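# Observations on chain architecture
The primary structure of each chain is shown beneath.
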Amino acid sequence: MSPFPDLLGLGWLAGIVGIAHRARSQLRLALRHPALDASSADFRRFGLTKPAIYIDPAKLSEAGRALLSRAQWGERCLFVWIVDVPRSS
């Protein structure tokens, strides 16, 4: 029995953890730059931070918008990694 399939699965899971961590870190950094008229309720739903795609960029400063776009990119990469990588293996 070859350990190759187990290593592929472990690599896939490590990729999920790494991409998710990077996307959430970028989102946390973006939320540190709110606009003057933003409230904390604009960034939370049910007590949890909203996913980056649901956050209104108008509620962030210019630096926050740049970081938000990177977080959105990370969430899209995570979705592609979860859906497409097992299918292509």
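These notes cover the structure that comes with them. (Residues numbered from 1 in each chain as written. Predicted model: local features only at pLDDT ≥ 70, side-chain atom pairs only at ≥ 80, totals over all residues. Heavy atoms only, no water.)

### Section: the overall build of the chain
Here is the rule: Secondary structure follows DSSP: runs of H or I at least 4 residues long count as helices, runs of E at least 2 residues long count as strands, and numbering of each begins at the N terminus. In this description the radius of gyration comes from C-alpha coordinates, and the expected globular size is given by 2.2 Å times residues to the power 0.38. Three labels apply to residues, based on accessible area from a 1.4 Å probe with only protein chains included: buried if under 20% of the type maximum, exposed if over 50%, partly exposed otherwise in between. In this description, contact between two residues means that some pair of their heavy atoms is separated by no more than 4.5 Å. The method behind every accessible area is Shrake-Rupley, applied with a 1.4 Å probe, and residues are considered shielded solely by the protein chains displayed.
Check the secondary structure of the chain and you find 2 helices and 2 strands. Starting at the N terminus and walking to the C terminus, you meet the elements of the chain as α-β-β-α. A compact globule built from 89 residues should have a C-alpha radius of gyration of about 12 Å, whereas the chain, at 16 Å, is more than 25% larger. With the C-alpha coordinates of the chain rotated into their principal frame, the extents come out at 60 × 25 × 20 Å. For the chain, with 89 residues in total, the buried portion stands at 25%. Summarising the internal contacts of the chain: among those between residues at least 6 apart in sequence, 64% fall at separations of at least 24. For the chain, the exposed area adds up to about 6,300 Å²; of that, 66% sits on carbon and sulfur atoms.

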